[in-house]
Amino acid sequence: MAKIRIYQLAKELGMTNDELLKILDDMGVAYKSHASTLEDTTAEAIKELIGEQKVAEAKRKAEEARKSIPHRPPVVVIMGHVDHGKTSLLDYLRKSRIAEKEAGGITQHVGAFEVKTPGGTVVFIDTPGHEAFTTIRQRGAKVADIAVIVIAATEGVMPQTREAIAHARASGAKVIFAANKMDLPGADINKVHQDLMQLGMVPVAYGGDVEVLPISAKTGQGIPDLLETILLTAELEDLRADPKAEAQGVILEARVDKQAGVLVSLLVQQGTLKIGDFVVAGEHWGKIRAMSDAEGARRSEAGPGSAVQVLGFSDLPVAGDTFTWVPDQVAAKEITEERILERKASQEVAELGRARNLADLMRSMHEAEQKEINLILRTDTQGSLEAIQNILAKESTEEVKIHVLLAGVGAPSESDVLLASTANGAILSFNVNPSGSVKKMAEQKGVPLQTFRIIYELIDEIRKMVKGQREPVFKEEILGTAEVRAIFKLSRGTIAGCMVTSGKITRNADIRVLRKGKEIWKGKIEGLKRVKDDVREVAQGFECGILLEGFTEFQEGDILEATQQVEVATD
Ligand SMILES: Nc1nc2c(ncn2[C@@H]2O[C@H](COP(=O)(O)OP(=O)(O)OP(=O)(O)O)[C@@H](O)[C@H]2O)c(=O)[nH]1
């Protein structure tokens, strides 16, 4: 390597001569002037040092940039079993928010509302239950950071509590439990704790990390603590959003109002949405003409964490679609038109390749290298459910995990189909039949849904799935051999003129070169020719020319052995 002079290296590293001379002084390197040459090792050491400094500086800047982005309020969804108090809790939170304002405040439904506490603001999605939440997730958007799952302490964990947990987990939201109805004499928080332990979740009270807050949606008892826990959880998540970024968020609801036209509720997640902005959401676009918030107040802009109702969409966007800012109408139109075309094209493909049964699902999981089988189990009785779960636990292997997203008594529901669809899973039911509408939905969404009458048939099906997902085991199979009879040295390599002496040689086979019975090389074929034509295979008794990838030292009499890897059936 040519010696480098100090001023040359300084230029290469983008620094001044003086800066580099200072580094040399610090390193104790002697020089006469900036024109002196450096030893190779010194130059390398300096390059390495500067490289490290640059990486550290870039890291520090990235962290600084992240820290300069302000925090945003957490977005919370409330879920739980029917009648456990989701609506009451939302009502209480909504009222407590208004109580802080001037009396007589009017509220309007914009899909989410804010609760301000001394510790910070929390945004609540204004629709109880997981249907709305799952519909939003179905479209690929993550809307809630935290799920509060309400459990009536008079009843404990019920089937839809388990569903809510499964949905929340599948979305990646943090889960906090609210043990509700604590004002009632029959309330027993210990039962809630124990039920959760049975599901493998250890409450903080028992030394675990699962938050269970006793509350009453009726009296408001414990709700400040619940809000505080939400904010603490959010703090750990370090949620940030840049108000200066291009506006982006999720459509929460959309409807047509006879007078106002298309009304869209949306949640801004990044950036600031302003009047006059153009946005696209799925296949629809709009120019924001007016915005109003949950207080019914007109807004000219909405920053991260704000839910607003907007006017300006010409068509109804779909709840759950993300919306993004675009610079103008030309961009808005082009993007939405492109999306419509893309959808039409992919629909045609989907018609052909939709996963309709377990075998199809297994194939798609295999292609995606998914090593977890996600299942929803539905049975007629608790007894059969437990029996199946016990057997399943034994079928899970190190390589392929069986993950039961949800197990419950009763027929599969539409919400099960949504869950299975987002998790790329299957629904297996035992002795219970899904309704026609559920079957139809499963078909539309490509979710395998199968009903069994005999437990062992169900288990067999699962065994097949596990087997399908195992890493395949391969063994080597010899395809054929060829003997080198002549050697041609050409400009593009050395070609072995061979006679296929047994079996066949194929273009994509693995080749072993054997000389006097010993392997001297192993690799792939680069070219296989019969006379002058490139061919895919040559059979016994024919001559051919073989060019190998990276081997040229042929000798007459060498044997080329062609092999291929074949999958071995395992049980
Ligand atoms: N005493 C008492 N009653 C409550 C409390 N929370 C809810 N309730 C009552 O429980 C019943 C069900 O409450 P909702 O808030 O409608 O329950 P939900 O979970 O929204 O129910 P669905 O919307 O049907 O799924 C109502 O009669 C409420 O008044 C509470 O903390 N204490």
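Parameters and conventions
Residues numbered from 1 in each chain as written. Predicted model: local features only at pLDDT ≥ 70, side-chain atom pairs only at ≥ 80, totals over all residues. Heavy atoms only, no water. Salt bridge = Lys/Arg side-chain N within 4 Å of Asp/Glu carboxyl O. Helix = DSSP H or I, 4+ residues; strand = E, 2+ residues; numbered from the N terminus. Buried < 20%, exposed > 50% of the residue type's maximum accessible area, 1.4 Å probe, protein only. Near = heavy atom within 4 Å. Polar contact = N/O pair within 3.5 Å; in protein donor to acceptor, adjacent residues only side chain to side chain. Areas by Shrake-Rupley, 256 points an atom, 1.4 Å probe, with all protein chains shown as cover. Nonpolar A, V, L, I, M, F, W, Y, C, P; charged D, E, K, R; others polar. Pairing = 2+ DSSP bridges. Axes fitted to C-alpha atoms, helices over the stretch in contact; angles between N-to-C directions. Contact = heavy atoms within 4.5 Å.

A. Inspection of the pattern of salt bridges at higher detail. Counted by the stated rule, this structure contains 28 salt bridges. Linking Glu64 and Arg60 is a salt bridge whose minimum nitrogen-to-oxygen distance equals 2.9 Å. You can see Glu64 and its partner Arg60 sitting in helix α3 (residues 40–68), four residues apart, about one turn around the helix. Of the residues examined, Glu64 reaches a relative accessible area of 47% and is grouped as partly exposed. Notably, a salt bridge pairs Arg66 with Asp238, separated by 2.7 Å at the nearest N-O pair. Highlighted residues: Arg66 in helix α3 and Asp238 in the loop between α8 (223–237) and β9 (248–257), separated in sequence by 172 residues. The exposure class assigned to Arg66 is partly exposed, which follows from its relative accessible area of 33%. A cluster of three or more residues bridged by salt bridges with shared partners is formed by Glu63, Arg66, Lys67, Asp238 and Arg240.

B. Spotlight on the site of the ligand. In the neighbourhood of the ligand, 15 residues make up the surrounding shell, with Lys86, Thr87, Ser88, Asp183 and Ala217 lying closest. Here an oxygen atom of the ligand and a side-chain polar atom of Asn180 are 3.1 Å apart. A distance of 2.7 Å separates a nitrogen atom of the ligand from a polar side-chain atom of Asp183. Coverage of the ligand by the protein amounts to 68% of the 640 Å² it exposes when considered alone. If one sorts the elements of the shell around the ligand by residue count, helix α4 (residues 86–100) sits on top with three residues. Residues belonging to the shell around the ligand are distributed by class as follows: three nonpolar, seven polar and five charged.

C. Highlighting the sheet that holds strand β18 (residues 372–379). As summarised here, the arrangement of the four strands in space is β19-β18-β20-β21, forming an open sheet in which the pairing is parallel. Two strands lie at the open edges of the sheet, namely β19 (401–409) and β21 (449–452), each paired on one side alone. Neighbour-to-neighbour, the strand axes of this sheet turn through a mean angle of 25°, independent of strand direction. Across four bridges, strand β20 (residues 426–430) lies against β21 in parallel orientation. Looking at β21, one finds that Ile427 is bridged to Leu449. On the sheet, helix α11 (residues 382–395) packs against β18, β19 and β20 and is oriented at approximately 175° with respect to β19.

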